[in-house]
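# Residue-level structural notes
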Amino acid sequence: MRHIISILIENEAGALSRVSGLFSARGYNIESLTVAPTEDPSLSRMTIVSVGSEDIIEQITKQLNKLIDIVKVVDLSESAHVERELMLVKVRATGKDREEMKRVADIFRGHIVDVTESSYVIELTGNTSKLDSFLKAIDTSLILETVRTGVCGIGRGDRILKV
């Protein structure tokens, strides 16, 4: 099962390395990883997407809590949450394909953020399945380059990840 693990971590050199090393040393795969400072400049929020059974995720959580830089760990997948991912896709947009790319971007509520004579850069946000669906909806031979941020997520309602 896919899990979104949200971590508050001290904003210090080497902290990211220690977390990724923990996953690597135990043979756990990281599907996506995002890290950015929080409203408190001494803390960063790390969001890791990993696939594993409940037992494996519980083991990961326990191991993460043992790391000295970790302040708090929450599995967002355990309750209601909001998740988003950003994707930039550079597509060939010439001739009849130009209007079709614009139409498909509009259907998926994407924004064309760069235009040249031969290409568009389209920005899309949404959950992972929406972004995957966009890529399936367009002719793969028109895709020149794809960049994705990975998932970021936040608990719904009163659920807050704070110290």
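Remember, it's a predicted structure, so these values are computed and weren't measured experimentally.

### A word on the sheet that holds strand β1 (residues 2-10)
- Spatially, 4 strands are ordered β2-β3-β1-β4 in an open sheet, and the strand pairing comes out antiparallel. Every interior strand has two partners, whereas the edge strands, β2 (32-37) and β4 (70-75), have only one. Here the strands of the sheet are splayed against their neighbours by 15 degrees on average, with no regard to which way each runs.
- Bridge count between β1 and strand β3 (residues 43-51): 9 bridges; the pairing is antiparallel. In the sheet register, R2 faces β3, and the bridge partner there is V51.
- Sitting on the sheet, helix α1 (residues 15-25) touches β1, β2, β3 and β4, and the angle it makes with β3 is about 15 degrees.

### What about helix α3 (residues 96-107)?
- With 12 residues, α3 should cover 16 Å at 1.5 Å per step; its first-to-last C-alpha distance of 17 Å lies within 8% of that length.
- Among the residues of α3, those classed as buried are D97, M101, V104 and A105. Considered in projection along α3, the buried side chains sweep an arc of 100 degrees and stay on one side of the axis. Along α3, the residues that are exposed and aim more than 90 degrees away from the buried face are K96, E99 and I107.
- If you follow the buried residues of α3, they end up packed against β5 (81-92), β7 (119-126) and α4 (128-137).
- Just downstream of α3, R109 is the residue with a positive phi angle, here 55 degrees.

### Focus: the side chain of H3
- Its place among the elements puts H3 in strand β1.
- Those residues in contact with H3, other than ones at most four positions away along the chain, are I48, V49, S50, G52, E54, I57, D75 and S77.

### Considerations on the packing of aromatic side chains
- Tallied over the full model, the rule gives 2 aromatic pairs.
- Measuring from centroid to centroid gives 6.5 Å for F23 and Y28, while their planes differ by 80 degrees, and the two rings are edge-to-face.
- Geometrically, the ring pair formed by F108 and F134 is edge-to-face, given 5.4 Å between the ring centres and 85 degrees between the ring planes. Residue F108 is located in the loop between α3 and β6 (111-115), and its partner F134 is located in helix α4; the two are separated by 26 residues in the primary sequence.
- Taking relative accessible area as the criterion, F134 reaches 0% and is therefore assigned buried.

### Structural notes on the environment of V113
- As for its placement among the helices and strands, V113 is situated in strand β6.
- You can call V113 partly exposed: its relative accessible area is 45%.
- For the pair formed by V113 and L88, sequence separation is 25 residues and the distance between their alpha carbons is 9.0 Å.
- Here V113 is in contact with V121 and E123, once residues within four sequence places are set aside.

Thresholds applied
Throughout this document, residue positions are counted from 1 along each chain, in the order its sequence is written. In keeping with the predicted nature of the model, local features appear solely for residues at pLDDT of at least 70, side-chain atom pairs appear and are counted solely at 80 or more, and the whole-chain, interface and lining totals rest on all residues. Side-chain measures here rest on the full set of heavy atoms in the structure, leaving out hydrogens and waters. DSSP bridges decide pairing: two strands pair if at least two such bridges lie between them. Only DSSP runs of H or I reaching four residues or more are called helices, and only runs of E reaching two or more are called strands; each is numbered from the N terminus. Interaxial angle, 0 to 180 degrees, is taken between N-to-C directions of lines fitted to C-alpha atoms, where a helix line uses only the stretch in contact. Two residues qualify as a contact provided that any one of their heavy atoms is within 4.5 Å of a heavy atom in the partner residue. Take the number of residues in a helix, subtract one, and multiply by 1.5 Å to get its expected span. Burial classification: accessible surface area is computed with a 1.4 Å probe over protein chains only, and a residue below 20% of its type maximum counts as buried, one above 50% as exposed, and the rest as partly exposed. This arc is built from the directions going out from the helix axis to the C-beta atoms. Within 6.5 Å between ring centres, the rings of Phe, Tyr and Trp (the latter by its six-membered ring) count as paired, and their orientation is classed by plane angle as stacked under 30 degrees, edge-to-face over 60, tilted in between.

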